[in-house]
Structure formats: C-alpha cells, structure tokens
Amino acid sequence: MSERDLLMIPGPIEFDPAVLRAMAAPTLSHVSPEFVEIFGQVLDDLRKVFLSDDGQPFVVAGSGTFALELAIANLVEPGDAVLVVNTGVFSSRFGKAAELHGAEVTQVGAEVGDAPSPDEVEAALRQRDYKLVAITQVDTSTGVLVDVPGIARLAARYGALSVVDGVCATAGEEFRQSAWGVDACVTASQKALGVPPGLAVAVFGPKALAAFEKRRSPVRSYYADFGEWLPIMRAYEERRPAYFGTPPVNMIYGLRESLRQILAEGMEGRFARHRRIAAAFQAAMRALGLRAVPVREELVAHTLSAVYYPQGVDATLPAKIRTQGVVVATGLHPAIRSAYFRIGHMGTVTPGDVLVTVGAVERALLAAGYRFEPGVGLAAAQKALS
Ligand code: PMP
C-alpha cells in the first residue's frame, strides 16, 4: 500500500494527523497529575459523545471484540437469557461471547441485508424473561443499520437491558444513550472515534451498573471485571491517580485529541455529515447500477456502504480499486462473501474522499469490463454533496 493510498475500509479509518501527532508525545507516568488530567478529560468527553447524562464511561486497552466482551462479562451471569438481534457476523459474535459467559442465547434474525421487525423482536421478548437484548447498531458485515431507539424501548418494556455494539457506529451514526434509554453501549477506537486500533470503550448507564452491582456470581474474567475498573475510572474522573492495569498512555493522548475534534464539530453536525456523505455514496452506486446489500432504505448505514458487484464483475474488484489508489474492503458475510464489497466512510472522511473513491471505483469497473457512462457515479455523488 502506498502512503498516498486512501484507506476507505470500515475500520481502521484514515486518522487525523493531529491525533497521530498527539500519540507521539513522550509517555507520561500513568499516575502523574498530567496524565490523570488527560484521562479524566477523556472520560468527561466520552459522556458528551455518547450523549449520556449519567453513564459511567470505561476505557480499557483492547479491540472491539474485547469491548463486546466487557459488556457481556459484566452483565451476563450463568443461566441468564440473552436475546441477540442478529443482522450479521458481528451480532453472531456478540451471541457467542454471551454463550461463553454462560448465557442461554436466543437469536432473532432475518435474511442477509434485512433486520428483524419490531414485531418479531417483541414476539421473542414475550417468550421468556431476558436479562439483556444485544443490538449491533451497524453490522459491518452487511452494512445494516438497526433501529436502536425502537428496540431499546421494547427491551425496557419487557424488563431487559439494552446493550449496543456501537463499534461501527459510535461518533458517526446518530446515537443518544440517555434519550433513547440505552443501558450500555460499547465501541472501539479505530472507526468513527478516530483513533488507531487498541482501545475498547464502554458507557454503562445506571440500570446496567445496578445490574452489575447486583451480580450473584463473580465476573468470569479477571481483566474485564468492572469491579476492578470501576474504582479506576471513578478515580481518574475525580482527578486522582489509580492503578489496575497500565492504561495505554499514548492511545489516550490520541483519544483526547480525537474527542476534542469530535466535540468541536458537535454531535448533531457530525451525524448530519455522516448522513450526507453516505447519501453521496448511495447516489453514486445507484447511478452506476450497483445494488446495496441492505434491502430497504431505512436499513442503510451511514458509516459504510455494502454493495453487490454488478453482473459480470467478480470479487477481484477491490484489488482493482486498490491499483487506483483507494483501499476498500472485500465481502465478509459468509452467505454472500464473494458477491459484494464494502466502503467505509466515517470519522475524518471528506467530500473530496467520496469523489476520489467513486472515481477509483468507476475506473476499476471499467477495467473489469463493466459498461456505463464514465463519470455518471461521480456526477451523482457531486450532486448529492452540493
Ligand atoms: N463489532 C462490529 C460492529 C465491528 O465492526 C467490529 C470490527 N469490524 C467488531 C465488533 C470487532 O472489533 P475488533 O475487530 O476491533 O475486535
């Protein structure tokens, strides 16, 4: 990959140079007053990014998978019933983690590219007393966006906690933890949060924290145990030093800078920018005759586009796009893996990046022998951006 290639996969994304520079600063002692202030600021800011009035943020070294496990390990006890709203590979992963932590897991799924309807979720909730409902806001394997507020409301009505995987959503897709009544949301640094891979982030609302505190059995993980991490996070927020596991000091510098940029843009502006960029990609793909994996408009994510190859074009297209200077992702969902590709567009993404990417897709499609009027996708994107 050339240093000038544009990274347009659904994470990791292109990072802002100021974030990368922040990470290159000398590593402070994790209990120094200077670092305690930085970490404390990060925790304060995370609450604003999740639009949570009263949640408890956690930042622990680990990838998104560990973020899922943080939620599961701390909320699930052996024998608990967990309902997974399944829209793809990462929802299944959520379920697998729950099973490993002793849950009895029920999946409510749909055809690839679809999401279960509210009625189907409610029918499942009527069947038994679920401890929690696991929701993947955007499943990166299908590009399907789930109606989080709708399902969180249903979960609350049936006395279950709503737990959201926001790995491919948080800080890009609209998300309002308090207003929507979401009990826990977990994410990772390398997507719309805009920091290289390595940080697992969680915000637990009051009901999730109470459920954790009422546990009858110990957390089945030493490193994930919020019994260990909660006093640490509370101490940093109160600007006191504390230690359980050494925090990834330089990653926290990066997160502080990225959160500063996110809040300077403002959450409403950020949600709107992701919607506008996604609309431009969708317009371009439609104009080129390429079909989205999500089967209905309201299911189409704003952080990535999952798009089927057109007739006569095969799974070598992403490699052809790469020779045009843009890196996109191949398919991931096993049922359709070689039939589609994925373009990430979150975080620092600009209108210019959209045009560069659509231009590269057009040239790769032409090289693959697909016939269309060159520039038709670019024109559609430009119109949507203007
Ligand atoms: N959930 C979702 C929705 C994801 O997109 C990903 C990563 N693509 C994960 C979980 C797992 O994150 P990680 O690869 O950082 O472990």
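Residues numbered from 1 in each chain as written. Predicted model: local features only at pLDDT ≥ 70, side-chain atom pairs only at ≥ 80, totals over all residues. Heavy atoms only, no water.

1. Some points on the site of the ligand
So, point 1. Around the ligand lies a shell of 13 residues, among which Ser63, Gly64, Thr65, Thr140 and Asp165 are the nearest.
So, point 2. Contact distances for the ligand include 2.3 Å between an oxygen atom and a side-chain N or O atom of Thr140.
So, point 3. A distance of 2.8 Å separates an oxygen atom of the ligand from a polar side-chain atom of Gln190.
So, point 4. Out of a free accessible area of 390 Å², the ligand has 86% covered by protein chains.
So, point 5. If you list the elements that add at least two residues to the shell around the ligand, you get α3 (64-75) and α4 (89-100).
So, point 6. Along the lines of polarity and charge, the residues of the shell around the ligand split into four nonpolar, six polar and three charged. (Near = heavy atom within 4 Å. Polar contact = N/O pair within 3.5 Å; in protein donor to acceptor, adjacent residues only side chain to side chain. Areas by Shrake-Rupley, 256 points an atom, 1.4 Å probe, with all protein chains shown as cover. Helix = DSSP H or I, 4+ residues; strand = E, 2+ residues; numbered from the N terminus. Nonpolar A, V, L, I, M, F, W, Y, C, P; charged D, E, K, R; others polar.)

2. A look at the pairing of strand β2 (residues 56-61)
So, point 1. Counting buried positions over the six residues of β2 gives five, a clear majority of the element.
So, point 2. When β2 meets strand β10 (residues 199-204), the two strands line up antiparallel, connected through six bridges. Looking at β10, one finds that Ala61 is bridged to Leu199. (Buried < 20%, exposed > 50% of the residue type's maximum accessible area, 1.4 Å probe, protein only. Pairing = 2+ DSSP bridges.)

3. Let's talk about the sheet that holds strand β13 (residues 329-330)
So, point 1. The strand order across the open sheet built from three strands is β11-β14-β13, with neighbouring strands paired in antiparallel fashion. Two strands lie at the open edges of the sheet, namely β11 (304-308) and β13, each paired on one side alone.
So, point 2. Bridge count between β13 and strand β14 (residues 340-344): two bridges; the pairing is antiparallel. When the sheet's bridge partners are listed, Ala329 is paired in β14 with Arg342.

4. Points about the domain arrangement of the protein
So, point 1. Here the domain parsing of the protein yields domain 1 (6-11 + 267-385) and domain 2 (17-265).
So, point 2. Relative to domain 2, the C-alpha centre of domain 1 lies at a distance of 28 Å.
So, point 3. Each partner contributes residues to the interface: domain 1 has 31 residues there, and domain 2 has 31 residues.
So, point 4. Of the roughly 2400 Å² buried between domain 1 and domain 2 on both sides combined, carbon and sulfur atoms contribute 59%.
So, point 5. Of all residues in domain 1, the largest losses of buried area upon contact with domain 2 belong to Met267, Arg270 and Phe271, amounting jointly to 26% of the total for that side.
So, point 6. Counting across the domain 1 and domain 2 interface gives five salt bridges.
So, point 7. Note that Asp114 is salt-bridged to Arg296, the shortest N-O span being 3.0 Å.
So, point 8. Applying the counting rule to domain 1 against domain 2 returns 15 residue pairs in polar contact (both at pLDDT 80 or more).
So, point 9. Listing elements by their share of the side of domain 1 that touches domain 2, those giving two or more residues are α11 (267-287), β11 and β14. (Domains from an automatic or database assignment. Contact = heavy atoms within 4.5 Å. Buried area = accessible area lost by both parts, 1.4 Å probe. Salt bridge = Lys/Arg side-chain N within 4 Å of Asp/Glu carboxyl O.)

5. Quick look at helix α8 (residues 206-213)
So, point 1. All buried positions along α8 are accounted for by Ala208, Leu209, Ala211 and Phe212. All buried residues of α8 lie within an arc of 160° about the axis, which places them on one face of the element. (Arc of directions from axis to C-beta.)

6. Here's the deal with the sheet that holds strand β3 (residues 81-85)
Within a beta sheet, neighbouring strands are joined by backbone hydrogen bonds and run either parallel or antiparallel to one another.
So, point 1. The seven strands are arranged β2-β10-β9-β8-β5-β3-β4 in an open sheet whose pairing can be described as mixed. Of all strands in the sheet, those with a lone pairing partner are β2 and β4 (104-108), marking the two edges. On average, each strand axis in the sheet is tilted by 20° relative to the strand beside it, whichever way the strands run.
So, point 2. Where α4 meets the sheet, its contacts fall on β3, β4, β5 (132-136) and β8 (161-165), and the angle it forms with β5 comes to roughly 150°. (Axes fitted to C-alpha atoms, helices over the stretch in contact; angles between N-to-C directions.)

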